[in-house]
Amino acid sequence: METDTRAVHAGRSDFRALTVHAPPIDLSTTYPISDLEEAIGDLDALAAGACAARNPIYARLHNPTVARFEEAIAELEHTEEAVAFASAMAALTAALLAACEQPRHVVAFRPLYGGTDHLLASNLLGIDVSWVREPDELPSALRPETGLVVLETPQNPTLGTIDIEAVVSAAGDVPVLVDNTFATPVLQNPALHGAAYVLHSATKFLGGHGDVLAGVVATSAERAARLRQVRILTGAVLHPVAAYLLHRSLPTLPARVRVAQATASILAERLSRHPRVTRVLYPEADGRQLRGPGSVLAFEVDGGREAASAVLRALELVTPAVSLGATDTLVQHPAGLTHRLVDDQAKAELGITDGLLRLSVGLEDVEDLWGDLVQALASVPVGAAA
Ligand SMILES: *Cc1c(COP(=O)(O)O)cnc(C)c1O
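Here is what the cut-offs are and how they apply
- Residues numbered from 1 in each chain as written.
- Predicted model: local features only at pLDDT ≥ 70, side-chain atom pairs only at ≥ 80, totals over all residues.
- Heavy atoms only, no water.
- Axes fitted to C-alpha atoms, helices over the stretch in contact; angles between N-to-C directions.
- Helix = DSSP H or I, 4+ residues; strand = E, 2+ residues; numbered from the N terminus.
- Parallel < 35°, antiparallel > 145°, perpendicular 65-115°, else oblique.
- Left-handed = near helix turned anticlockwise from the far one by under 90°.
- Contact = heavy atoms within 4.5 Å.
- Near = heavy atom within 4 Å.
- Polar contact = N/O pair within 3.5 Å; in protein donor to acceptor, adjacent residues only side chain to side chain.
- Areas by Shrake-Rupley, 256 points an atom, 1.4 Å probe, with all protein chains shown as cover.
- Nonpolar A, V, L, I, M, F, W, Y, C, P; charged D, E, K, R; others polar.
- Pairing = 2+ DSSP bridges.
- Salt bridge = Lys/Arg side-chain N within 4 Å of Asp/Glu carboxyl O.
- Buried < 20%, exposed > 50% of the residue type's maximum accessible area, 1.4 Å probe, protein only.

Draft legend 1. How the structure looks around the packing of helix H5 (residues 88–99) against helix H6 (residues 114–122). Running from N to C, H5 and H6 cross one another at 40°; their axes reach a closest spacing of 11 Å. Overall, the two elements H5 and H6 adopt an arrangement that is oblique. Pair H5 / H6 crosses with right-handed handedness. Where H5 approaches H6, its residues Met89, Leu92, Thr93 and Leu96 are matched on the opposing element by Gly115, Thr116, Leu119 and Leu120.

Draft legend 2. Region of the structure containing the site of the ligand. By nearness alone, 15 residues border the ligand, and Met89, Asp179, Ser201, Thr203 and Lys204 come closest of all. Alanine 88 places a main-chain nitrogen or oxygen 3.0 Å from an oxygen atom of the ligand. Protein chains bury 94% of the 380 Å² of accessible surface belonging to the ligand in isolation. A breakdown of the residues in the shell around the ligand according to their chemical character gives seven nonpolar, five polar and three charged.

Draft legend 3. Geometry of the sheet that holds strand E8 (residues 277–281). Taken in spatial order, the five strands line up as E8-E9-E12-E11-E10 in an open sheet, and their pairing is mixed. Every other strand in the sheet has two partners, leaving E8 and strand E10 (319–320) as the edge strands with one partner each. Relative to strand E12 (residues 356–360), strand E9 (residues 296–301) runs antiparallel, the two being bridged by five bridges. Bridge assignment links valine 296 to a residue of E12, and that residue is serine 360. Helix-sheet contacts for helix H13 (residues 304–314) involve E9, E10, strand E11 (330–332) and E12, and the interaxial angle to E9 is about 125°.

Draft legend 4. Local environment of the pattern of salt bridges. In this structure the tally under the stated criterion is 16 salt bridges. For arginine 258, the salt bridge identified is with aspartate 4, shortest N-O distance 2.7 Å. Residue arginine 258 is found in helix H12 (residues 253–272), and its partner aspartate 4 is found in helix H1 (residues 3–9); the two are separated by 254 residues along the sequence. Taking the relative accessible area as the measure of exposure, arginine 258 reaches 42% and is therefore partly exposed. A salt bridge links aspartate 286 to arginine 288, with the nearest nitrogen and oxygen atoms 3.9 Å apart. Of the residues examined, arginine 288 reaches a relative accessible area of 42% and is grouped as partly exposed. Taken together, the shared-partner salt bridges connect Asp163, Glu165, Asp286 and Arg288 into one network.

It is worth stressing that arrangement in space is one thing and function is another; only the former is reported here.
Set out below in structure tokens:
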């Protein structure tokens, strides 16, 4: 089945048997035990990382509403299973703990989402990190104890792309985790290119309406079992109401992605010709790995932070806010906000400059958005801070 069909039907295979049409929300935190021996069997299975049991026993071990959303994501990402978490940062933490044995070491491709960069750079989890930019730097960065290679493509916030197959081949036996938040399963399926883990901040496009915080990892059954064990122990579970909202958003995901992408392509092209814009960053889709450029772009305003800040103040329709992938268009200043904690030298090397603004294009009419951008750019004083 094609992605559009999967998006509508995935994770709903038991609906006819249940005689329901919408995903049932199971809010139980505990479940009645009618037979002790049977319950012990279920508990043992769940503790070993099973994706389901006759009795879920306790909500930190399993939830059927969350499991249906996970099944849908696995189908969309072409993996055996998926495991959902309270946020993408919780999901990433679980993947890092599951993949790395002590002494722990990962290799990470910069740039990355600011939180991911900070989690790795802070050494909070006792994981040593080696930073690289290109796949050919990977072999010399690998160590015998390297547990995971971490990358994001398209990258946040500079929208560069990385060849996943080149990384997987250079990584050898070391599993590769790809953050697929920007592309969504509609535009890219990292598992088909050899990625062992596919991470999503479901807070963004998968949820799509700016009202759910969630993360999910699509992976093999064996790796998923280990992730569930970490989730049971550390407790960063997804709430069933959040899972319901995410599952409800999946059928419209392909349509939302395509409409926003069409608008973003037009805005990227027009911005690149605007006299107050010095640079536009927008992914190049090769049609093989990345099937479309998506709806996130970045543009650099002439005049540095003062000019960027003037644009943010002047925009009326576009909302100045972090996050992305919502129905409405959002704009933010990576150097000051999402990537504030990335060290200054790395920011300079990566091109996260003071004039750079990241735009997540929503579902509004393209001319209305363009009109707002034009009036906001016109408000920048000529020669601001130049
Ligand atoms: C937002 C984001 C994250 C973190 O997501 P949370 O759900 O807020 O934890 C990770 N990676 C990327 C690319 C993001 O945009």
